[in-house]
Amino acid sequence: MGMRPPTGLPSLSRRSRVLLIVALILAGLLLVGPRLIDTYTNWLWFGEVGYRSVYVKVLLTRILLFVIIAVIVGGVVFAALLFGYRTRPVFVPVAGPNDPIARYRTTVMTRLKLFGIGIPLVLGVLSGLVAQSNWVTVQLFLNGGDFGVQDPQFGLDVGFYAFDLPFYRMVLNWLFVSIVIAFFANLLTHYVFGGLRLAGREGALTRSARIQLAVLAGTFVLLKAIAYWFDRYSLLSSGRKEPTFTGASYTDINAVLPAKLILLSIAVICALAFFAGIFLRDLRVPAMATALLVLSSILVGAVWPLVVEQFSVRPNAADKESTYIERNIAATRQAYGITKDKVEVVDYPGDSTKNPDDVAADRTTIANTRLLDPNVLSRTFTHFESRQNVFGFPSTLDIDRYNIDGKLQDYVVAARELAPKNFTDNQRNWINQHTVFTHGNGFVAAPANTVQPVSDADGGATAGSGYPLFTVSDLASQKAGNQVIKVDQPRVYFGEVIAEGEPDYAIVGAADGSQPREYDSDNESFTYGGAGGVPIGNWFNRLAFAAKYTERNILFSGAIGTNSKIIFNRDPKERVQHVAPWLTTDGDAYPAVVNGRILWIVDAYTTLDNYPYAQSSSLEGLVEDSIDQTTGRQVPRKQVSYIRNSVKATVDAYDGTVKLYEVDSTDPVLKAWRGVFPGTVQPQSAISPELRAHFRYPEDLFKVQREMLAKYHVDNPREFFTNNSFWDVPKDPTGDSAGDANQPPYYVLLGEPDGKPTFTLSSAMRGFQRDFLSAYITVTSDPDDYGKFTVRKLPTDTQTQGPGQALSTMTSDPKVSGPLGQIGLTNRVIKANLLTLPIGEGGILYVEPLYTERNAQTGGAPTFPQLSKVLISYRARGEQNPKVGFADTLKGALEQVFGEGIGNAATTPGFDPNATVPPPGNTTPDNNTAPTPAPQPNQPNRDQALKDLNDAITNVRSAQLGTLNEALDRLQKAIDAYQKATG
């Protein structure tokens, strides 16, 4: 019987080949086309914002890295295939007519270039695509410098670990990849062409095959020896002792480190044994060396450290790990910016005998008690200030402070943005969604310590009671000339809510010969004339963006003319992340009015994940709290062991201009990135005083640092090891996620000893796995003391209630539980932010604003959260249980606890903290003398001012939309008059 000869791949007809080529071209266009379009549109966008140099440098670095790694991996694999083919035996024995290798050999021979060039090319391209993502490692290596801090083990500068070591490991990894692939490629080539035969008991290997495979194997083992050398430095970021601490432990230094050196020596010997195989036909020597390396890796690299850990360290862990815990404490404090020069720890008793009315700082703190919760009031803002359904506010508002008429006041703030998710019916068509409704209108603020009175002069409830007193800066107020916070351009084209539209873009600018079409109000339209946006007047750009958004209307719509622009990437955080991809942005951007412009301020961080001995943690786990869980706000997802808020960014709400400002000139990571992208970050001298006055200490960074301070306030390594002195972030006792998520920190105005208010970010801390208060952490945002931490540390032998206990005590009090139960029958009770305030030079005051809104099943007009009650709790020294205050107002609740008169400080509007600040020298050195009382106001003037104020409030309630601004202006004048009369 005749046998069918070996054949190659089946041949294709000409038509089939044409169709195959066309299909490949189409597949390539589908694969590469969108990337080319994105590259072009990104090129245009980066040019618009003025950061094209960033885009070009990142792109070039990625391309060069792709090419270099592709050439190295592809070249090594090609060389392995080439040498294997050229040294193939002249005569190849055939096992028989059914030899499967013969068929493959024939196939390869008939398409030699396809296999010889195609395989290395594909492997090189795939490797290059993976490697190009390492552009950050390459640029930091090229531009990184020294930290000026040496590690305690090897005496190397931290810059080596931050900038150099990652690059060396990356290079080593790709060499490993290329050698491993080349080894198997060479092995397979020899097998196909007869250099390696598996017939017989032992098989056969030609001299050429033996030499080539020995060289590749020896090179691999030699690279492994180099890897052992670098592994020594990686021990300083070891996670062996996590979660106790990060960094090299006793076992790492005394067992693993010597083991690495031993394995390095064995690897060098093993590599030499493989290279000896070039000259020796006996492969038993390299085989024995390989077995020795594997056995040593198990015994020396794994078993020995395990023995040391189990029998030497664990029985004496506190002593053995003491030195390494000290290193971890020092490194973590340095890496997270909580060194002793930045953190002041003061002893704080947790109770006091002083009346807050006798302490200047307390009068200021109480007067500025924040009753408005920015996480509750979004729907209230929307109801009263959205004006039209196309406008809206984010689900969580923001807190900032403004100096109005010389008085510092914190406000709940928000930009009135376009809200695409609110569009209905015809508003959702392409013309309206992308060319008519293009922008928001105005900046809205409400004093955080003020609400409309909860009762009128006769004691009855008022219609607007408990709602914020809004200060609005928009087009209407601009025309009326009555802006309290002056805004020259209130239109908002860039914002967080605007960016929620899908797809996120707006086409602005007048079409040829057309009238303004962008919606300002029911009676007015507008044509954008700002610097933002990419021109799409030419057909090429229109085609590019039509393809980008798969929208044919961009090509054919008459709303687009020669002067039209397309605005996209409108989320402030995303804009900053795009222009500075080397930064990690904070989860919360906030609007501020600076020199008449609405700016979004975005905090940005430089981070590292390999700072030696510093605690390594996930940002997501550190920063997530009850607000993030409730609202779904994005939190950074990154593993870090070093973080700095070195950059503040601003995004203009009208034209989208992005500016980056340096705020930490000592950060070596920022210095490296400024070397990578020179001129992109402006120096501190470019920050205007008006802008600096609105810088807040960032929430995400504070949440990271409070988690670190919970452990790393401890100095003694033995005490650190026992965990006894650790703190915990308290669980948030309010809201739907009560008890499941961390309590968020809060921005509050606290009084300084001289009565001056300071804008701080604060957080209570409880004992480790206990509910009692252990510390109170604040950090100031004021320009003069920005970033200064104060940790009020409570004694461990007292039991001051923590937030959860305090809220439980307040709500279970008989005078509270009964009325709250009655209210809950027809209303939903919303527990707002539970504030912890230090007062009485040692005491802790808890303030819990309670909001209500009518239950849906009760019917009637829709309601929105409004302040209805105020709960407070305070325990004076010598008292067994805290006193609870429960009233319609903060003043009423305070007077229930502290007695008549104390509530005057909380009466708003009309309190001037500066009026009651004693002049210097009015207290004795021991601070026991009460401050000099302020001059008494003129009673007739005060009565008249109070009457005018009540009339103005009534006028606001009855005002229609068209006269509301005038009514608010009258109210502001009445407030000023009342302040003057009572001052």
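Here the residue index of a chain counts from 1 through its sequence in written order. Since the coordinates come from a predicted model, pLDDT governs what is reported: local features require at least 70, and pairs of side-chain atoms require 80 or more to be given and counted, while whole-chain, interface and lining totals use all residues. The basis for every side-chain value is the complete set of non-hydrogen atoms in the structure, without hydrogens or water.

**Looking at the pairing of strand 27 (residues 757-767)**
Point 1. Burial analysis of strand 27 places 11 of its 11 residues in the buried class, which makes it a mostly covered element.
Point 2. Relative to strand 27, strand 25 (residues 727-728) is paired through two bridges, and the arrangement is antiparallel. What sits directly across from Trp727, in strand 27, is Gly767.
Point 3. The loop that links strand 26 (residues 746-751) with its antiparallel partner strand 27 comprises five residues; one of these, Gly755, has a positive phi angle of about 90 degrees.
Point 4. Linking two consecutive strands that pair antiparallel, namely strand 27 and strand 28 (residues 773-780), is a turn of five residues; a positive phi of about 55 degrees is found at Gln769 within it. Only protein chains enter the accessibility calculation, which uses a 1.4 Å probe; a residue whose area is less than 20% of its type maximum is buried, one above 50% is exposed, and one in between is partly exposed. For helices the rule is a DSSP run of H or I covering at least 4 residues; for strands it is a run of E covering at least 2, with both sets numbered from the N terminus onward. Two strands make a pair as long as DSSP finds a minimum of two bridges between them.

**Points about unusual backbone geometry**
Point 1. Looking along the chain, the bond that leaves Glu242 and enters Pro243 is cis, with omega of 5 degrees.
Point 2. Mapped onto the elements, Pro243 comes out in the loop between helix 7 (207-234) and helix 8 (250-276).
Point 3. Phi is positive for Asp405, close to 55 degrees, though the residue is something other than glycine.
Point 4. Note on placement: Asp405 falls in the loop between strand 5 (398-404) and strand 6 (407-415).
Point 5. Residue Asp405 is classed as exposed on the basis of its relative accessible area, which comes to 65%.
Point 6. Non-glycine residue Glu841 carries a positive phi angle of around 50 degrees.
Point 7. Note that Glu841 resides in the loop between strand 31 (835-839) and strand 32 (843-854).

**Structural notes on the sheet that holds strand 10 (residues 471-473)**
Point 1. The strand order across the open sheet formed by four strands is 5-6-9-10, and the pairing between neighbours is antiparallel. Every interior strand has two partners, whereas the edge strands, strand 5 and strand 10, have only one. Taking the axes of each pair of neighbouring strands and ignoring which way they run, one obtains an average angle of 35 degrees across the sheet.
Point 2. Contact criterion: two residues are considered in contact whenever any of their non-hydrogen atoms come within 4.5 Å of each other. Whenever a helix is involved, its axis is fitted only over the stretch in contact; in every case the axis is a line through C-alpha atoms, and angles between N-to-C directions fall within 0 to 180 degrees. Packing against the sheet, helix 13 (residues 378-385) makes contact with strand 6, strand 9 (443-447) and strand 10, and its axis sits at approximately 120 degrees to strand 9.

**Things to note about the confidence of the model for the chain**
Point 1. Known as pLDDT, the predictor's confidence for each residue is given on a scale from 0 to 100. Chain-level pLDDT for the chain is 85 on average; 86% of the residues reach the 70-or-more range.
Point 2. Taken as a whole, residues 1-9 scores under 50 in pLDDT and shows 10 contacts with residues more than four places along the chain or in a different chain.
Point 3. Below a pLDDT of 50 lies the segment residues 959-965, which in the model reaches seven contacts outside its immediate sequence neighbourhood of four places, other chains included.

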